[in-house]
Amino acid sequence: MTNKEYIKMLEDSLVKKVELLKQLQGLNQEQKKILEDTESSPEELDDNMEKKSSIIDRLDKMDDGFQSIFDKVKEELESNKENYADEIKNMQKLITLITDLSTDVQAKEIQNKELAKAKFSHIRTQIRETKHGQKAVASYYASMMNNTGYEDSQFWDQKK
């Protein structure tokens, strides 16, 4: 492959990374809705997180591939900047966009983490309240079944 082809691959890789980061943004929005929705199921959240994990894995692989290609053409780019000025300028714009998207994704991840903490805390509270209510009902039922201190009214109504 020629250096020109490697540089084109670098640009294509950056474009693909932008697309994946935008997908990640969309999944973050979806995750926020799931976490805010009291009727959402754990399966919905799990499915969303699996999709996000898949994209993150792809981004990691792309970063590794980008770095290995960049290492091959780094010297050529540095020594012949004028020949690749347009490509370098385009890649710089893409890298700036990627940085902005990455920052946004990280900020949304932090917000979603806080939403998840709040939702799980609420669920734990509901579970505790339900257990407490079940214990009270069970205790009441047990005391009624034992008839402790309870006399049937029919004994009082009979004449002797």
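I will try to describe carefully the structure that is included in this document. (Residues numbered from 1 in each chain as written. Predicted model: local features only at pLDDT ≥ 70, side-chain atom pairs only at ≥ 80, totals over all residues. Heavy atoms only, no water.)

1. Looking at the packing of aromatic side chains
One pass over the structure, following the stated rule, counts 1 aromatic pair. Centroid distance F66 to F70: 6.3 Å. Interplanar angle 5°. Geometry classified as stacked. Of this pair, F66 and F70 both sit in helix α2 (residues 42-79), 4 residues apart, which is roughly one turn of the helix. Residue class for F70 comes out partly exposed when judged on its relative accessible area of 26%. (Phe/Tyr/Trp six-rings, centres within 6.5 Å; stacked < 30°, edge-to-face > 60°. Helix = DSSP H or I, 4+ residues; strand = E, 2+ residues; numbered from the N terminus. Buried < 20%, exposed > 50% of the residue type's maximum accessible area, 1.4 Å probe, protein only.)

2. Concerning the side chain of S40
Inspection of the secondary structure assignment puts S40 in the loop between α1 (3-36) and α2. Given a relative accessible area of 14%, S40 falls into the buried group. From its side chain, S40 meets the backbone oxygen of I34 in a polar contact 2.7 Å long. At 2.9 Å, the side chain of S40 and the side chain of K119 are in polar contact. Beyond its immediate chain neighbours, meaning those up to four positions away, S40 contacts I34 and K119. (Polar contact = N/O pair within 3.5 Å; in protein donor to acceptor, adjacent residues only side chain to side chain. Contact = heavy atoms within 4.5 Å.)

3. Side note on a negative patch on the surface
A grouping of E30, D37, E39, E43, E44, D46 and E50 is seen on the molecular surface, where their side chains present a negatively charged patch. When residues of the negative patch are assigned to their parent elements, the largest contribution, 4 residues, is made by α2. Of note, E50 is situated in helix α2. (Patch = residues over 30% accessible without salt bridge, like charges linked within 9 Å, V, L, I, M, F, W, Y side chains within 5 Å. Areas by Shrake-Rupley, 256 points an atom, 1.4 Å probe, with all protein chains shown as cover. Salt bridge = Lys/Arg side-chain N within 4 Å of Asp/Glu carboxyl O. Lys, Arg positive; Asp, Glu negative; His and termini not counted. Charge placed at Lys NZ, Arg CZ, Asp CG, Glu CD.)

4. As for α2
Compared with an ideal rise of 1.5 Å per residue, which puts 38 residues at 56 Å, α2 spans 54 Å between its outermost C-alpha atoms and is within 8% of the ideal. All of the buried residues along α2 are L45, N48, K52, I55, L59, M62, F66, I69, V73 and L77. (Expected span 1.5 Å × (residues − 1).)

5. Here we look at the side chain of Q31
Tracing the backbone shows Q31 in helix α1. Side-chain polar atoms of Q31 contact the side chain of N112, separated by 2.9 Å. If sequence neighbours within four positions are ignored, Q31 has contacts with L45, N48, M49, K52 and N112.

6. Details of the environment of I56
Looking at the element boundaries, I56 is found in helix α2. Classification of I56 as partly exposed rests on a relative accessible area of 36%.

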